[in-house]
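Given next are the chains, with one letter for each unit.
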Amino acid sequence: MVDVQGTVADGFEPVRDAFAANFTRHGERGAAMALYREGEKVVDLWGGAKTPDTKTPDAKTPDTKTPGTKAPDDDGESGPGPSGGGPEPWTQDTAQVVRSVTKGVAAAVPLLLHQRGQLDLDGRVSTYWPEFKEAGKERVLVRHLLAHRTGVPVLDTPLTPAEAVDGISGPRAVAAQRPVWEPGTAHGYHALTYSWLVGELVRRVTGRTIGRWIAEEIARPLGLDLWLGLPEAQRGRVGRIAAVEALAAPAAHGPRLRPKRSVAEAYRDPESLTRRAFAAITPVPDENDPAYLAAELPASGGVATAEALARFYAALIGPLPSARTARSGGRLFAPATLTMARTEESAGPDRVLVVGTRYGLGYMLHGPACPLLGPGSFGHPGRGGSLAFADPEARIGFAYVTNGMRRGVTADPRAQALVRAVRTSLAALEA
């Protein structure tokens, strides 16, 4: 049995129960979960191993093909190298690579720049970044970029792991890339290219890297243990990610979910947009590598605690009494910005994920492919399991992070068990 640490406010005991059950029911290795309600923290839980023992049967270590890289699993996922010893326990200050959960943090930057009058969401990207107009992209709007409608989810010539983090090759590659569909006419998940699209736009507008902007304008004022570009002094806090197999679900908890045939085929086909999108960096980078953690990759490279992510989303929708900032009492989004963030911009068949998805401006919205708390929720999952979002109607900020990476981009059963428990708790409190 895993010793679950932390606290829950009265009425949120079902969340603790669900968090503990994930270790036995869903093969959890190490994780944390936090919940803010009306600006106050009501759940703060952690447990398991910070450094999973990759010698155990439920952890996989793909063969290393190139130093500093990892070979992909069948669906393009990556795993770590040997952990160098037995598992180290997860503690309250353990931070974690959160993969695409980073996109939700990064999306706040262009929205806040718009809120401050520095960026026109209906303006052309090339107004701020002239080189981007090449190869048929002269009419791409900033809102297309945030809603995954740019048509540049792939790179004809993938970047190496070293090129992906050098700050030059990525922006140059997406600027030169010809769209695979007419921009603005369809949507498809920009899994990795989102890093250079959003990051370079922010740099052109502000003169600062997006990681520095987040540190100075969001993380520091709100007191968040959240980094896009991990400082060397914080490396010891970061849990090591490892691929883990899902446990067979007991009959009482429903059948084990498997991907639809079309989705599985898309991941296997090297010529599909799905496989090419996740291969924009080839070979797959080692996400435990200090060089990767130090890079500013807003599509996938953020490092945070669950508490910081929940606090961030709580700050998007309402004030935080303890925030170290005078700006709007700690609230980040003005009401009009909040409306834009969660107003549907893209919906229907996703040309990359091959399922129906919904996006606002930079955020995934509640739906069958990405179930959140309710219709008004907005946030972002991370490939492999992590999830963070806000729900303005319920007045909550939610975050779950894990180092046990499972196949799949959205709707991880561990995260979904926690969402259901939050929903149950809120319903009982409001009854």
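Being a predicted model, the structure only gives us computed values, none of them experimental.

Colleague: I tried to follow the overall build of the protein on my own but got confused; where do I start?
Modeller: A count of helices and strands for the protein gives 14 helices and 17 strands. Here the protein holds 431 residues, and 59% of them are scored as buried. Here the analysis covers contacts within the protein between residues at least 6 apart in sequence; of these, 70% occur between residues at least 24 apart. Approximately 16,700 Å² of the protein is accessible, and the part contributed by carbon and sulfur atoms is 51%.

Colleague: Would you take a moment to explain the environment of Glu138 for this structure?
Modeller: Here Glu138 is to be found in the loop between helix H3 (125–128) and helix H4 (142–146). Taking the C-alpha atoms as reference points, Glu138 and Thr127, separated by eleven residues in sequence, lie 9.2 Å from one another.

Colleague: What is the right way to read the packing of helix H6 (residues 169–176) against helix H7 (residues 194–206) from this model?
Modeller: How two helices sit against one another is set out by the angle between their axes and by the gap between those axes. Contact geometry of H6 with H7 gives a least axis separation of 9 Å together with a crossing angle of 105°. In terms of orientation, H6 and H7 fall into the roughly perpendicular class. Contacts between H6 and H7 involve Gly170, Pro171 and Val174 from the former and Trp196, Leu197 and Glu200 from the latter. Tallied by class, residues from the contact of H6 with H7 come to four nonpolar, one polar and one charged.

Colleague: Would you take a moment to explain the nonpolar core for this structure?
Modeller: Nonpolar side chains tend to gather and get buried jointly when the protein is soluble and globular. By size, the foremost hydrophobic cluster in this structure holds 118 residues, and its most contacted members are Tyr363 and Phe398. A per-element tally of this core places helix H12 (residues 306–317) first, with ten residues. Val97, Trp227, Leu293 and Met405 belong to the second-largest nonpolar core, a separate cluster that totals nine residues.

Colleague: Got a minute to help me understand the sheet that holds strand S10 (residues 303–304) in this structure?
Modeller: Neighbouring strands of a sheet are bound in pairs by backbone hydrogen bonds; such pairs are parallel or else antiparallel. Pairing within the open sheet is antiparallel, and its three strands lie in the order S6-S10-S7. Both edges of this open sheet fall to strand S6 (96–97) and strand S7 (226–227), since each of them pairs with a single strand only.

Colleague: Would you take a moment to explain helix H8 (residues 210–222) for this structure?
Modeller: Residues spaced three or four apart along an α-helix face the same direction, because each turn holds 3.6 residues. With 13 residues, H8 ought to run about 18 Å at 1.5 Å a step, and its terminal C-alpha atoms sit 17 Å apart, in line with that. Buried residues of H8: Ile210, Gly211, Trp213, Ile214, Ile218, Ala219, Pro221 and Leu222, and no others. Its buried side turned inward, H8 meets helix H2 (101–115), H7, S7 and H12. Downstream of H8 by one or two residues, Gly223 has phi in the positive range, about 70°.

Colleague: What is the right way to read the environment of Trp46 from this model?
Modeller: Its location among the elements puts Trp46 in strand S3 (residues 40–48). Owing to a relative accessible area of 12%, Trp46 belongs among the buried residues under this scheme. Contacts of Trp46, omitting those with residues within four sequence positions, involve Asp3, Val4, Gln5, Gly6, Phe19, Ala31, Ala32, Trp90, Thr91 and Gln92.

Colleague: What is the right way to read unusual backbone geometry from this model?
Modeller: Outside of glycine, negative phi angles account for most residues, and trans bonds account for most peptide bonds. The omega torsion of the bond from Thr282 to Pro283 falls at -5°, within 30 degrees of zero and hence cis. Structurally, Pro283 can be placed in the loop between helix H10 (273–278) and strand S9 (284–285). The phi torsion at Glu38 lies on the positive side, around 55°, for a residue other than glycine. Counting through the fold element by element, Glu38 comes out in the loop between strand S2 (30–37) and S3.

Colleague: Can you walk me through the packing of aromatic side chains in this structure?
Modeller: Within a pair of aromatic rings, the relevant descriptors are the distance that separates the centres and the angle that separates the planes. For the coordinates displayed, the defined rule picks out nine aromatic pairs. An angle of 75° between the planes, with centres 5.6 Å apart, marks the rings of Phe19 and Phe23 as edge-to-face. Highlighted residues: Phe19 and Phe23, both in helix H1 (residues 13–25), separated by four residues, approximately one helical turn. As far as burial versus exposure is concerned, Phe19 and Phe23 are alike and both buried. Ring geometry for Phe312 against Tyr313: centres 5.0 Å apart, planes inclined by 80°, an arrangement best described as edge-to-face. Feature note: the residues Phe312, Tyr313, Tyr363 and Phe378 constitute an aromatic cluster, connected by ring pairs.

Colleague: So what exactly am I meant to see when it comes to the pattern of salt bridges here?
Modeller: Opposite charge on two side chains permits pairing when their charged atoms draw close. Applying the stated rule across the entire model yields 21 salt bridges. For Lys50, the salt bridge goes to Glu88, with nearest N and O atoms at 3.5 Å. In this pair, Lys50 sits in the loop between S3 and strand S4 (59–60) while Glu88 sits in the loop between strand S5 (69–70) and S6, placing the two residues 38 residues apart along the sequence. The exposure class of Lys50 is buried, given its relative accessible area of 6%.

Colleague: Can you walk me through the pairing of S3 in this structure?
Modeller: On any regular strand, side chains alternate: one points to one face of the sheet, the next to the other face. Sheet topology note: the strand S1 (residues 5–8)/S3 ladder contains four bridges and is antiparallel. Paired with Thr7 across the strands is Asp44, a residue of S3. With eight bridges joining them, S2 and S3 adopt antiparallel strand pairing. Directly across from Arg37, in S3, lies its bridge partner Glu40. Following S2, the chain reverses through two residues before pairing antiparallel with S3; Glu38 in that reversal takes a positive phi of roughly 55°.

Colleague: It is not clear to me how the side chain of Asp412 should be interpreted in this structure. Could you clarify?
Modeller: Mapped onto the secondary structure, Asp412 falls in the loop between strand S17 (404–405) and helix H14 (413–430). Within the structure, Asp412 has its side chain in polar contact with the side chain of Arg414 (distance 2.8 Å). Residues in contact with Asp412, not counting those within four places in the same chain, are Gly384, Gly385 and Arg406.

Quick notes on the rules
- Residues numbered from 1 in each chain as written.
- Predicted model: local features only at pLDDT ≥ 70, side-chain atom pairs only at ≥ 80, totals over all residues.
- Heavy atoms only, no water.
- Helix = DSSP H or I, 4+ residues; strand = E, 2+ residues; numbered from the N terminus.
- Buried < 20%, exposed > 50% of the residue type's maximum accessible area, 1.4 Å probe, protein only.
- Contact = heavy atoms within 4.5 Å.
- Areas by Shrake-Rupley, 256 points an atom, 1.4 Å probe, with all protein chains shown as cover.
- Axes fitted to C-alpha atoms, helices over the stretch in contact; angles between N-to-C directions.
- Parallel < 35°, antiparallel > 145°, perpendicular 65-115°, else oblique.
- Nonpolar A, V, L, I, M, F, W, Y, C, P; charged D, E, K, R; others polar.
- Core = buried A, V, L, I, M, F, W, Y, C linked by side-chain atoms within 4.5 Å.
- Pairing = 2+ DSSP bridges.
- Expected span 1.5 Å × (residues − 1).
- Phe/Tyr/Trp six-rings, centres within 6.5 Å; stacked < 30°, edge-to-face > 60°.
- Salt bridge = Lys/Arg side-chain N within 4 Å of Asp/Glu carboxyl O.
- Polar contact = N/O pair within 3.5 Å; in protein donor to acceptor, adjacent residues only side chain to side chain.

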